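Letter by letter, the chains look like this.
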Amino acid sequence: QVKLVESGGGSVQAGGSLKLSCAASGYTNSSVYMAWFRQAPGQEREGVAHIYTGGLDTYYAPSVKGRFTISQDNAVNTVYLHMNSLKPEDTAMYYCAAGGWRFVPNTYHYWGQGTQVTVSS
């Protein structure tokens, strides 16, 4: 069974940095979209960044472009989200997803349980 586990969330002051990790197991496809989504209370789930593991093509939401970086390490089947210059509006539950299409949530079949990111002013 495919399993995704996020880690690395926490509390940080505005302007600080965090690195999120998404460890995948039971997933053998080498070419697949993997994405980070986030959802704040009372708001819709939104795409943050995605990477195509076959060619390492990446895409970022305009709100995080230039501040966040998505990357992968095939040796440990892990995707990362490096977050710099964090803002209070980045506060949300962050979810890792695999096997879907870009920033379309209902196309992803596999999801992690989420990791909380809280940015204080």
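Residues numbered from 1 in each chain as written. Predicted model: local features only at pLDDT ≥ 70, side-chain atom pairs only at ≥ 80, totals over all residues. Heavy atoms only, no water.

Undergrad: What am I meant to see in the pattern of salt bridges here?
TA: Oppositely charged side chains may form a pair once their charged atoms are brought near each other. In the structure shown here, the tally under the stated rule is three salt bridges. The closest approach of N and O atoms between R38 and E46, which form a salt bridge, is 2.7 Å. Residue D90 is joined to R38 by a salt bridge in which the shortest nitrogen-to-oxygen separation is 2.9 Å. A residue pair is termed long-range when its members are at least 10 positions apart, and D90 in the loop between β8 (78-83) and β9 (92-98) and R38 in strand β4 (residues 33-39) qualify at 52 residues. Exposure class is identical for D90 and R38. Each is buried. One network of salt bridges, with partners in common, ties together R38, E46, R67 and D90. (Salt bridge = Lys/Arg side-chain N within 4 Å of Asp/Glu carboxyl O. Helix = DSSP H or I, 4+ residues; strand = E, 2+ residues; numbered from the N terminus. Buried < 20%, exposed > 50% of the residue type's maximum accessible area, 1.4 Å probe, protein only.)

Undergrad: Would you mind showing me how to read the nonpolar core here?
TA: Generally speaking, a soluble globular protein has its nonpolar side chains buried in company with each other. Within the largest apolar cluster, 28 residues are counted, with the highest numbers of intra-cluster contacts made by M34, W36, L81, M83 and Y94. Within the residue set of this core, elements represented by two or more residues are β3 (18-25), β4, β5 (46-52), β7 (68-73), β8, β9 and β11 (115-120). Those residues in contact with Y94 that lie beyond four places of it in its chain are E6, L20, W36, F37, R38, V48, F68, L81, M83, G114, T115 and V117. Core analysis: the next-biggest nonpolar cluster, separate from the first, contains five residues, Y33, A35, A97 and Y108 among them. (Core = buried A, V, L, I, M, F, W, Y, C linked by side-chain atoms within 4.5 Å. Contact = heavy atoms within 4.5 Å.)

Undergrad: Would you mind going over the packing of aromatic side chains with me for this structure?
TA: Each pair of aromatic rings is reported with the distance of its centres and the angle of its planes. Tallied over the full model, the rule gives seven aromatic pairs. Seen from their ring centres, Y33 and Y52 are 5.1 Å apart, and the 55° between their planes marks the pair as tilted. With Y33 in strand β4 and Y52 in strand β5, this residue pair connects regions lying 19 residues apart in the sequence. Exposure remark for Y33: the relative accessible area of 14% places this residue in the buried category. Classification of Y52 by relative accessible area gives partly exposed; the value is 29%. Aromatic side chains F37 and Y108 sit 5.5 Å apart centroid to centroid with 80° between the ring planes, which places their arrangement in the edge-to-face category. Placement of the pair is F37 in strand β4 and Y108 in the loop between β9 and β10 (110-111), with a sequence separation of 71 residues. Using a relative accessible area of 0% as the deciding quantity, one classes F37 as buried. Judged by relative accessible area, Y108 falls into the buried class, the value being 5%. Among the aromatic residues, those joined into a ring-pair cluster are F37, Y59, F103, Y108 and W111. (Phe/Tyr/Trp six-rings, centres within 6.5 Å; stacked < 30°, edge-to-face > 60°.)

Undergrad: Would you take a moment to explain the sheet that holds β3 for this structure?
TA: Within a beta sheet, neighbouring strands are joined by backbone hydrogen bonds and run either parallel or antiparallel to one another. Taken in spatial order, the four strands of this open sheet run β1-β3-β8-β7, and their pairing is antiparallel. Edge positions in the sheet fall to β1 (3-7) and β7, since each of these pairs with one other strand and no more. Strand-to-strand twist across the sheet, computed as the mean angle between neighbouring axes with direction ignored, equals 15°. Of the strand pairs in this sheet, β7 and β8 are connected by six bridges, and their pairing is antiparallel. (Pairing = 2+ DSSP bridges. Axes fitted to C-alpha atoms, helices over the stretch in contact; angles between N-to-C directions.)

Undergrad: Would you mind showing me how to read the state of the cysteines here?
TA: Cysteine pairs can be covalently joined through their sulfur atoms, and such a bond is termed a disulfide. For the coordinates displayed, the defined rule picks out one disulfide. Paired by a disulfide, C22 and C96 hold their sulfur atoms 2.0 Å apart. The sign of the -80° torsion about the S-S bond sets the C22-C96 disulfide as left-handed. Residue C22 is located in strand β3, and its partner C96 is located in strand β9; the two are separated by 74 residues in the primary sequence. Look at C22 and you get buried, because its relative accessible area is 0%. (Disulfide = S-S within 2.5 Å.)

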